[in-house]
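A look at the structure
So the chains spell out like this:
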Amino acid sequence: MSDLNRGIMKFKGADNPIIIAISAILVLGGVAFLIVWGLQSAYAFN
């Protein structure tokens with residue numbers, strides 16, 4: 001059992017590299033979206 005299969009990730013397959021990659025893409029995509037949205041709102045780039 002890897003360390004990724006402990007704590008809040010207590011389900012089988014939590015340490016699957018594909019699941020980790022999808023989660024990372026979703027999180028980083030969300031952060032990038034918020035940064036772009038914030039800059040557009042602050043500076044009104046159109």
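Residues numbered from 1 in each chain as written. Predicted model: local features only at pLDDT ≥ 70, side-chain atom pairs only at ≥ 80, totals over all residues. Heavy atoms only, no water.

1. Some points on the overall build of the protein
Looking only at helices and strands, the protein features one helix and zero strands. Within the span of the protein, comprising 46 residues, buried residues form 4% of the whole. (Helix = DSSP H or I, 4+ residues; strand = E, 2+ residues; numbered from the N terminus. Buried < 20%, exposed > 50% of the residue type's maximum accessible area, 1.4 Å probe, protein only.)

2. Structural notes on a nonpolar patch on the surface
On the surface, a cluster of nonpolar side chains totalling about 500 Å² of accessible area is made up of Val27, Val31, Ile35, Leu39 and Tyr43. Take Tyr43: it is sitting in helix α1 (residues 17-43). Residue classification places Tyr43 among the exposed positions, given a relative accessible area of 57%. (Patch = residues over 30% accessible without salt bridge, like charges linked within 9 Å, V, L, I, M, F, W, Y side chains within 5 Å. Areas by Shrake-Rupley, 256 points an atom, 1.4 Å probe, with all protein chains shown as cover. Salt bridge = Lys/Arg side-chain N within 4 Å of Asp/Glu carboxyl O.)

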